[in-house]
Structures are given as C-alpha cells and as structure tokens.
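# Analysis of the macromolecular model
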Amino acid sequence: MKNLTIIGIILLSISGLLFYMTTNLEVEEFTLSHFMGIMGGVGIGLIIGGIVGYASKGSSIKAEQKRKELQRLQQEKIEIEKQAAELAQQNVNPTPNNSDNSNL
C-alpha cells in the first residue's frame, strides 16, 4: 500500500507538470480535453484502487482465519495436555475405594 501511495504521488506530480506545460495554469486555456483527461484519470485511479483494496482485504481475511485456527489448535493442545496430566496423576496415585475403609 505504501508503494501504491508513492506511485500515486509521482503520477499526480507528472500530471500537474503536464497541465502546467499545456495551459500555463490559465483558466482560458482549460479545454474540454483537459476535463476529460482529469475525469479519466480519476476513473482509472478508482478502478485500480478498488482492485488493490479487494485483493488486500481478501488476503487479510485469510490471514485472520489462519490466526484464529492457530489459536483454536493451541487451546485444544493445552486441553489435551491437561487431560494427559490428570490421567498420569490418576495412574500414579490411584484413589482407594470407600468400601475398603468401611470395614476398618
């Protein structure tokens, strides 16, 4: 996006220079062809901006989905590790049955 902004500034300065060279910034020399050129430039800029924005939005949505999936998988991993630790603790220290204690 930064490169696109720099290119836009360069093209705007070139168009300003060309406009100055053709009309000397006098309103009397401003013709219909100048107006058509300005409108065409705006139209092309909007089209290119829309395409770049659409592509950028699509890639950011995909990246966000990957981040959410990674977070979900990390949470599942933590839960599985907790369950494994609980099972290991139960295997190491089995709880005695209550029926054995009642006979004493």
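Please refer to the structure placed before this passage.
Residues numbered from 1 in each chain as written. Predicted model: local features only at pLDDT ≥ 70, side-chain atom pairs only at ≥ 80, totals over all residues. Heavy atoms only, no water.

### Some words on the pattern of salt bridges
What counts is decided by this rule: Criterion for a salt bridge: a side-chain nitrogen of Lys or Arg within 4 Å of a carboxyl oxygen of Asp or Glu. Counting from the N terminus, the helices are the DSSP runs of H or I reaching at least four residues and the strands are the DSSP runs of E reaching at least two. Partly exposed describes any residue whose relative accessible area lies between the buried limit of under 20% and the exposed limit of over 50%, with all areas from a 1.4 Å probe on protein chains only and scaled to the type maximum.
Overall, the coordinates contain three salt bridges when judged by the stated rule. With a shortest N-O distance of 2.6 Å, Glu64 and Arg67 are connected by a salt bridge. Separated by three residues within a single helix, Glu64 and Arg67 lie in helix H2 (residues 32–92), roughly one turn from each other. For Glu69, the salt bridge goes to Arg72, with nearest N and O atoms at 2.5 Å. Highlighted residues: Glu69 and Arg72, both in helix H2, separated by three residues, approximately one helical turn. On the accessibility criterion, Glu69 (36% relative accessible area) is partly exposed.

### As for the environment of Gly41
Relative to the helices and strands, Gly41 resides in helix H2. Judged by relative accessible area, which is 42%, Gly41 ranks as partly exposed. Here the alpha-carbon distance between Gly41 and Leu11, two residues 30 residues apart in the chain, equals 9.8 Å.

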